[in-house]
Amino acid sequence: MIHEEDRGEADGLAPVIPLFGERSAASASSREESVPRVRRPFFAPAPDDAPDAEMLGAAHEVDVDSEADEAVVVQAASDALLRKLRSRSLSEREARTFLTQRDLSRDAVEEIVADFLRLSYLDDAALAEQLVHVGVSRKGEGRVAIAQAMARRGVPRDVADAALDALGDDDAERALEFARRKAMSIGGRDDDAALRRLVGQLARRGYPSSVAMTAARQALAEARRPAVRGPRFD
């Protein structure tokens, strides 16, 4: 039984402070609140938008495949151009046009053209000389027609001028030579009709009108002239 004096004495005592239990729990709770929680451990699944190894591998395979496909297309275009050059000479411009039509990139086109130039498969100067030879020897063309043919084929102006300079300025002689060959086939036409036809043929081959008229008249006159026969010996 506690006496009254003991109760008063007990009421005057300092409160008991727990040494380990409650303080430890409170301290732990305080530390818990002060330390931020780790939301995702290092071994947790990655977020959906992060690329995984499989996706990266697939992207690499796509890049490799696209590069391989492009290489195949470039090689096929190069082979096709080489086959075309075996049947007909091309200018640089014609070669670029041919390659562009095969859906190649500009860099790929220029790379192929550079290789063909290095190997002398493309040569505008040689093509210009060939066009001059064909124009004069086979077609009987004048300088104007030959220059137009080179322009249509894409031969640069300076290269074409150099080839024409080597030809010389003798259109009158070439026109007369062509007119002499044609005058023999005109035959029984009257003089005016034969002259118009021959002048037209010369004009279509690039000869100036004055040169064409002079050559046509001289060639027809020679064709109409009776052949001179030598003396007969019986």
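Shown above is the structure to which this text applies.
An account of the accompanying structure is given in this report. Everything quoted here is computed from the prediction, not taken from an experiment.

## Overview of the layout of surface pockets
Then comes step 1: Put simply, the largest pocket is a space of about 180 Å³.
Then comes step 2: Looking at the largest pocket, it is lined by 13 residues, and the ones nearest its centre are Lys139, Glu141, Ala145, Ala149 and Arg152.
Then comes step 3: Counting residues per element, the ones that place at least two in the lining of the largest pocket are helix H6 (124-138) and helix H7 (143-152).
Then comes step 4: Looking at which element gives the most residues to the lining of the largest pocket, the answer is H7, with five residues.
Then comes step 5: Residue composition of the lining of the largest pocket, by class: five nonpolar, three polar and five charged.

## Some thoughts on the environment of Asp161
Then comes step 1: Among the structural elements, Asp161 can be located in helix H8 (residues 157-167).
Then comes step 2: What makes Asp161 partly exposed here is its relative accessible area of 32%.
Then comes step 3: Remark: the alpha-carbon pair of Asp161 and Ala147, spanning 14 residues in sequence, is separated by 8.0 Å.

About the criteria used
Residues numbered from 1 in each chain as written. Predicted model: local features only at pLDDT ≥ 70, side-chain atom pairs only at ≥ 80, totals over all residues. Heavy atoms only, no water. 1 Å grid on protein atoms, 1.4 Å probe; cavity = no way out; pocket = protein on both sides within 12 Å on 5 of 7 lines; lining within 4 Å. Points joined across faces, edges and corners; volume = space filled by probe spheres on them. Helix = DSSP H or I, 4+ residues; strand = E, 2+ residues; numbered from the N terminus. Nonpolar A, V, L, I, M, F, W, Y, C, P; charged D, E, K, R; others polar. Buried < 20%, exposed > 50% of the residue type's maximum accessible area, 1.4 Å probe, protein only.

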